[in-house]
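# Close look at the chain arrangement
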Amino acid sequence: MPKTKDQDMLNRVDKMLLFVLFQMSVFIAFSQDQNPTTIPFYEEELSIDGDLSEAIWEKINPFTSFYNHFPLDTGLAENQTEVKLFHNQKMLYIGVVYHDNESRNNISSLKRDVYSDAIFLSDCFGLVLAPFDDGDNGYFFAANASGVQYDALIGNINNLNESWNAIWQCKVMKRGNDKYYEMAIPLDAINFNPQKDTWGIQFFTNDTKLNLFSTLVHSSRNYTQYDLRFTKKVKIESIPEKILRRFSVVPSIAFNYAKDNIANTESRKFIPSLDGQYNINSSLRLDLTINPDFSQVEVDQQITNLTRFAINFPERRKFFLENSDLFNNLGTFHTNPFYSRRIGADTDILFGTKLSGNLGTKTRVGLLNVQTKDDGEVKGKNYSVLVGRQNLSSTLLATMFLVNSQQSDFYNRVGGAKLNFKSTNNRWTSNLNYAQAYTKNISGDNSFINADVAYQVRKMDWSASFQRAGKNFIADTGFVPLQNNYDALTQETKREAFTRATGEYELKHFPKKSKAIDWMRIFLINSSAVFNGDNSFRENRIFFSPFAIRFKNRSYVYISFTNFIEDLKYNFDFLQNGNFISPDNYNYTFGRVGFWSSTNKKLYYTLKFEYGQFYNGMRVNPQVTVAYRLIPSAVISASYDLNEINLQELGQKTFHLVKLTTEIYFNNRLNWTTYFQYSTQQNNFNINSRFQWEYKPLSYIYLVISNNYDNELLPKNWNVSFKINRRLDF
């Protein structure tokens, strides 16, 4: 039946009323932020059971009116959440009721601290705490509907460091369709300033059955739900002035047995070690490690490297994690003065100390010192880092640093400063970096400079950057891969200055009426050009994606093209057959098409296919990943990455990269994980099997077995490690 004019008028009036109501809700939320809600103080201790039947909860007004965030980011959430908080100067208590519309839960993992499965792909509740409310650093706590805990540090607005851990409690229960979460977070587990009682806070829920994230503070879905720029101001009543726990120590003992089949040698070691933390005050901490053993740390994921340069792997060792954003973001991704994985790469760590935290509401400091052991002809090194960070205003953040490494009479030092800007409307970010390196007997052309700017709104974002590193900008404890050029013919590495300029522009469309499509990419182009120290051309990479669609069920399809232009000056033995890709000008292009299935299903898979030119030949690269979740029992995932390369007269070769991971969950604290990784490029087949039992909070027993074979499956080496530690708080 055709609509009448009166019906059209009524529809327009309804839309206007909805718009006015939405604007009023935004205004009310903004007004509330100007007058922070109080988190009350009560002298009451709770037993965490998820029941929320204690009388104290009836006294507290809830936070509610959660907004849709992802993949829908308009309007109030269909299923609302109520959150209540109070503290007793020892614990911050959080009581949550999620009003679900069905009783079942979706869970993807029972393994602690795995964001992708335990949180993003599971029904869960999470909160963000920003005690200094500066948009720079904070804490992320979450639990899924099976009570599996996740905690992480948030640095530089929205970067997660999930290797950080704290002891806190959480229980989850179900009553009808409603889901209840009860949490207790020790206040001495987080840094805060007793003189600053206004914090930033954000809550979120994830209902994978509805495929929907909702948040207390509304933000567009192009921002993460833990972005520190979107928090609500709250006032902490009677904030504690003294911390309760001064010391925490973690003694451990490990037994390692290793056998080298090629050298026909074996070794047995008992390794006692000690990690400790002393809380100088509520915002400043001293960490200590003596003779640490990292055998329990997860293995790095192998990749097929198609470049001439080194790959950056994340830090996983506990000692380097507390306030790690202070130390690890002194430069850029391609030129970073401090890269903690350099420490202990040559010889084992003997001891380390670290002082980090806040001196005031606007000042953060970090001081790190680590000594490595002498090992035969390889002398130990001493590494030191000093960092100071100051909030100059609500938009400007300044950092100064000095990184030093000393080995006998050799030294390398890098000093510099960084200025970070983030606009009050959360659209603009910018960085300005300058540093100089000082190395014994080397001088001149030793500086590094970087300037970048980025702009982001819902439908469009762009960025641009410029950086230059001198030939003698030597960062012995850093990561500067573009500076070091290896010549496979002479087997020498030549250090060269470089200049790198990048630019990116992306335009998206968000259909208003589509029930299936989240957004469509209209245009994306990224260009990265590198020049040598004499300003001669080195290479240029142009990435172009004319098409991509992300669906509201979290699946994703895309097409892209990449063009490389390279003036190669060094011989490159990519095929590992002695036939070098020789210095010349190369221009090659390849295309890519890919698909990700819906990630909130039991069966999840990704497909990717690349085809095109590679230097003077051709490359074919199909990739497939499949994961199946047998929750609550196990998760099995497998991937296969094939690179078939034909370089004509130089030869042809196929690189295989196969990964298989099995995770078996006996309960929330007991799991068994096994990695199988086979890389023909690395001539390695690795099996790493780890049994992990958290028998007390953050106290573990590990049994780790690792075997390495070559491409012919001949044994190279193997080792077994048994480790037990115990966390003690005083």
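For the structure, see preceding data.
Residues numbered from 1 in each chain as written. Predicted model: local features only at pLDDT ≥ 70, side-chain atom pairs only at ≥ 80, totals over all residues. Heavy atoms only, no water.

Attention now moves to the overall build of the protein chain. Helix and strand content of the protein chain: 3 helices and 40 strands. Taken along its principal axes, the extent of the C-alpha atoms in the protein chain is 75 × 70 × 50 Å. Relative to its 730 residues, the protein chain shows a buried fraction of 51%. In the protein chain, the share of contacts with a sequence separation of at least 24, taken over all contacts with a separation of at least 6, comes to 58%. Counting 79 positive and 73 negative side-chain charges, the protein chain places the averaged centre of each group 3 Å from the other. (Helix = DSSP H or I, 4+ residues; strand = E, 2+ residues; numbered from the N terminus. Buried < 20%, exposed > 50% of the residue type's maximum accessible area, 1.4 Å probe, protein only. Contact = heavy atoms within 4.5 Å. Lys, Arg positive; Asp, Glu negative; His and termini not counted. Charge placed at Lys NZ, Arg CZ, Asp CG, Glu CD.)

Let us look at the pattern of salt bridges. A complete count under the given rule lists 32 salt bridges for this structure. Between R221 and D73 there is a salt bridge, and its shortest N-O distance comes to 2.9 Å. Taken together, the residues span a long stretch of sequence, with R221 in the loop between β12 (212-215) and β13 (232-236) and D73 in the loop between β2 (67-70) and β3 (81-87) at a distance of 148 residues. The pair R221 / D73 is uniform in exposure class, with both members buried. (Salt bridge = Lys/Arg side-chain N within 4 Å of Asp/Glu carboxyl O.)

Once that is clear, we can look at the pairing of strand β16 (residues 284-290). Along any regular strand, the residues point their side chains to alternate faces of the sheet. Taken together, the 7 bridges between strand β15 (residues 265-281) and β16 define a ladder with antiparallel strand orientation. Across the sheet, the residue bridging to N279 is R285, located in β16. Linking β15 back to β16 in an antiparallel pair, the connection comprises 2 residues. Pairing of β16 with strand β17 (residues 349-358) involves 7 bridges; the strand directions are antiparallel. Looking across to β17, one finds that L286 is bridged to L355. (Pairing = 2+ DSSP bridges.)

The subject of this paragraph is unusual backbone geometry. Most of the time, phi is negative for any residue but glycine, and the peptide bond is trans. The amide bond that connects F70 to the next residue, P71, takes the cis arrangement and shows omega of 0°. A positive phi is found at N264, a non-glycine position, where the angle reads about 55°. Mapped onto the fold, N264 is located in the loop between β14 (247-260) and β15. N264 sits in the exposed class, given a relative accessible area of 62%.

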